[in-house]
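Descriptive analysis of the structure
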Amino acid sequence: MKEAQGGGALPGTSLQRACRLLVVFCALHLSATLLYYLAGGGDLRPPRSPGAARARAPPAPPPGPANSSRAPPPDCADPSPLLVGALNVEFSRHVNLEETERLNPKVREGGRYAPEDCKALQKVAIIIPFRNRDEHLRYWLYYLHPILQRQQLDYGVYVINQGGEETFNRAKLLNIGFEEALKEYDYGCFVFSDVDLIPMDDRNIYKCYSQPRHLSVSMDKFGFRLPYNQYFGGVSALSKEQLVKINGFPNNYWGWGGEDDDIYNRLFFKGMRISRPDAVIGKCRMIRHPRDHNNEPNPQRFDRIAHTRETMNSDGLNTLSYKVVKTEKYPLYTKITVDVGSPKN
C-alpha cells in the first residue's frame, strides 16, 4: 500500500492540470479577441439579415439637380445633324395612318414629340386650320412627322377643325389654335400651316426666328417663285411675343383670301419684317384639289385689307369668341372641333 502511494500520482491530478491549462487558454483567447475589436477590426453588434438592413435604411433623397444620377441632356445642335436636305415628295401612292404610326413610334398620343438625347431649342405648336381634308391630312402627317423629328423640335400637332356648314374662317381657326395649344403646354413658337402644303427640304426648319418667318416661299403652284413680295400665305412661323404684339389674326375674314395680306400689314405696322429661307430650301409642293365647299372668295377682302391699321387693335385675340365642341387625342395629332359662329354674328 505504501509503495503504491510513493510510486504514482494522486487520483485527479492530471485532470486538475488540464483544467488549469484550459482556463489559461480561454483567458488568452478572450484577451486577444478583446484587443482585436478594440483596435477596430470587428463589429461587436450582432449580425443583421439583408432584409433587416434594407428595412432600416433611410429613404433615398428626392431626385434633384444635386442628387440626380443622370445629368440633364445637352442642348440640341443647331442645325440638327439629322437633316438630309432635299426630299422626294409625291402624292401618287396611297398612305394610311396605321403605316405612319408604325414609322413614327416615338411620337406620343396627341402628336407630341421631343428628342430623347438632347434638349430641343424650341417648343413648337403646329396649327392646321381644317375642314373635310382627311386625305390631305394623311399625307401631311406621313411627310411632316419624320421631318419635324429630324429637326429635333419639341413639338405638338393641332388640327383645328371648323364644325358645321358655315363659311370657312381660316384666320379665326389660327387664333383658336394658338389659344388652345397654350392650354396644354408652354409653347414659345407657333407654325401655322395649310394642310395641303409639304416642304421639299428638311433644312426649312419649322421654328421661330427673331423676325416673323415665311416658310412656303417657293411653291410648285406658283412655279417655285414668290407670287409677290408681301405674300405671307401657306406656312408661316411666329413666336408667342410676335403674335401677341399684332393682336393675333383677324377674325372677320369669312371665305377664301385676304387674311394673309392683313397679317402682313399687321406685322409691317408693328415694325417687323418678314424673314425667309432661300428659294431652294423653301420649296414645297401643294396637293391639288378643287375649291372647298363654303369657302368661296371673300368679296369684302380688299376693303378689309385697306383698313388693317384701323381694325387690328379691335379685331384679333382680344375679341376672339368660339366654343370647343370636342377634343380628340389621336396617336399622330390632336383634333379640336370648334364652333366659330357665323358671318352674321
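Above this note sits the structure.
Conventions and cut-offs
Residues numbered from 1 in each chain as written. Predicted model: local features only at pLDDT ≥ 70, side-chain atom pairs only at ≥ 80, totals over all residues. Heavy atoms only, no water. Pairing = 2+ DSSP bridges. Helix = DSSP H or I, 4+ residues; strand = E, 2+ residues; numbered from the N terminus. Core = buried A, V, L, I, M, F, W, Y, C linked by side-chain atoms within 4.5 Å. Buried < 20%, exposed > 50% of the residue type's maximum accessible area, 1.4 Å probe, protein only. Salt bridge = Lys/Arg side-chain N within 4 Å of Asp/Glu carboxyl O. Expected span 1.5 Å × (residues − 1). Disulfide = S-S within 2.5 Å. Phe/Tyr/Trp six-rings, centres within 6.5 Å; stacked < 30°, edge-to-face > 60°. Lys NZ or Arg CZ within 6 Å of the ring centre and 35° of its normal.

Taken together, the three strands give an open sheet; going across it, the order is S5-S9-S7, and neighbouring strands pair in mixed fashion. Only two strands of the sheet have a single neighbouring strand rather than two, namely strand S5 (197-199) and strand S7 (218-219). Pairing of S5 with strand S9 (residues 283-286) involves three bridges; the strand directions are antiparallel. Bridge pairing links Pro199 to Cys284 in S9.

Moving on: the nonpolar core. Buried together is how nonpolar side chains tend to be arranged in soluble globular proteins. Judged by nonpolar contacts, the single largest core of 39 residues is most densely connected at Ile126, Trp140, Val191 and Tyr206. Taken together, the elements giving at least two residues each to this core come down to strand S2 (123-130), helix H5 (134-150), strand S3 (154-162), strand S4 (189-193), S5, strand S8 (235-239) and S9. Within the second largest apolar cluster, 30 residues are counted, among which are Ile160, Ala181, Phe249 and Val340.

Next up on the list: the pattern of salt bridges. According to the stated counting rule, one finds 15 salt bridges in the structure shown. Across the pair Lys207 and Asp78 runs a salt bridge whose closest N-O atoms are separated by 3.5 Å. Of this pair, Lys207 sits in the loop between S5 and strand S6 (213-214) while Asp78 is found in the loop between helix H3 (50-56) and helix H4 (97-103), placing the two residues 129 residues apart along the sequence. For Lys207, a relative accessible area of 14% translates into the label buried. According to the relative accessible area criterion, Asp78 is exposed, its value standing at 55%. The residue Glu328 makes a salt bridge to Lys326 at a minimum N-O spacing of 3.9 Å. Beyond isolated ion pairs, a larger network of salt bridges with shared partners links Arg170, Asp194, Glu259 and Asp260.

Before going further, it helps to spend a moment on H5. A rise of 1.5 Å per residue sets the reference length of H5, with its 17 residues, at 24 Å; its end C-alpha atoms lie 25 Å apart and thus fit the reference within 8%. Among the 17 residues that make up H5, 13 are buried, leaving the element largely enclosed by the rest of the structure. One or two residues past the end of H5 sits Gln152, with phi positive at roughly 55°.

This next bit is on the state of the cysteines. Taken as a whole and assessed by the stated rule, the structure comprises two disulfides. Here Cys76 pairs with Cys118 through a disulfide, and the sulfurs are 2.0 Å apart. Disulfide Cys76-Cys118: the torsion about the S-S bond is 85°, which places it as right-handed. Remark: Cys118 occurs in the loop between strand S1 (112-113) and S2 and Cys76 occurs in the loop between H3 and H4; sequence separation between them is 42 residues. In this structure, Cys76 and Cys118 share a single accessibility class: buried. Put simply, Cys189 and Cys208 are joined by a disulfide, and their sulfur atoms are 2.1 Å apart.

Attention shifts here to the pairing of S2. Counting buried residues in S2 gives seven out of eight residues, a clear majority hidden from the surface. In this sheet, S4 lies alongside S2 in parallel orientation, the contact comprising four bridges. Its bridge partner being in S4, Ile126 is matched across the sheet by Val191.

Okay, the packing of aromatic side chains next. Applying the stated criterion across every chain, the model contains 13 aromatic pairs. Seen in terms of ring centroids, Tyr187 and Phe190 are 6.4 Å apart; in terms of plane orientation they differ by 65°. Their pairing is edge-to-face. Accessibility assignment for this pair places Tyr187 and Phe190 in one class, buried. Ring centres of Tyr228 and Tyr231 lie 5.6 Å apart, and the angle between their planes is 75°; on these two criteria the pair is classed as edge-to-face. Members of the aromatic cluster, joined through ring pairs, are Tyr158, Phe178, Tyr185, Tyr187 and Phe190. The ring of Tyr185 carries the charged tip of Arg112 above its face, separated from the ring centre by 4.2 Å. Positioned above the aromatic ring of Phe224 is the side chain of Lys283, whose terminal nitrogen or guanidinium carbon lies 4.9 Å from the ring centre.

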